[in-house]
Amino acid sequence: MAADGVTFAATPAKLSVPYNVGGLLTFLNAANLRLAKEMLFSADPLPAARLCSLGVINHVVPKAELETTINGMARRIAANAPCRLR
């Protein structure tokens, strides 16, 4: 979940530092290869709305509603039967 107006970037390419292999694998599991290449090679920030439309994040909400929305989702998850969360 992210607030509207937020951007995400993979910046090691701009910082001349190597990528962490574990982090790369996690990222590749969330993003398709074309998007991953764009973000990893360009290091340009992408808006949360675009990442949401591509399925990398689930929700984009107004910043003022972010905490309330996250807490509401956490309460709904916690209210489920424990065997459903495994």
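Worth saying up front: this structure is predicted, and the values here are computed from it rather than measured.

Conventions used here
Position numbers for residues count from 1 along each chain, tracking the sequence in the order it is written. pLDDT decides what is reported in this predicted model: residues at 70 or higher carry local features, side-chain atom pairs at 80 or more are listed and counted, and totals for whole chains, interfaces and linings draw on all residues regardless. Working from all heavy atoms in the structure, the side-chain values ignore hydrogens and water. In this description a helix means any DSSP run of H or I spanning at least four residues, a strand means any run of E spanning at least two, and both kinds are numbered starting from the N terminus. Throughout, exposure labels follow a simple rule: accessible area from a 1.4 Å probe, protein chains only, divided by the maximum for the residue type, with under 20% read as buried, over 50% as exposed, and the rest as partly exposed. We call a set of buried residues a nonpolar core when its members are Ala, Val, Leu, Ile, Met, Phe, Trp, Tyr or Cys and they connect through side-chain atoms within 4.5 Å of each other. Here a residue-residue contact requires only that any non-hydrogen atoms of the pair lie within 4.5 Å.

A. Examining unusual backbone geometry more closely. Phi is positive for Ser16, which is not a glycine, with a value near 60 degrees. Here Ser16 lies in the loop between α1 (12-15) and α2 (21-30). By relative accessible area, which is 69% here, Ser16 ends up exposed. One non-glycine residue, Ala43, adopts positive backbone phi at about 60 degrees. Within the secondary structure, Ala43 sits in the loop between α3 (33-42) and β3 (46-47).

B. Region of the structure containing the nonpolar core. Counting residues in hydrophobic clusters, the biggest one holds twelve residues: Ala2, Ala10, Phe27, Ala31, Leu35, Ala36, Met39, Leu40, Leu46, Ala48, Leu51 and Ile57. Put simply, the parts of the chain that give this core at least two residues each are α3 and α4 (48-53). Sort the elements by how many residues they give to this core and α3 lands first, with four residues. Not counting chain neighbours up to four residues away, the residues in contact with Phe27 comprise Ala36, Met39 and Leu40.

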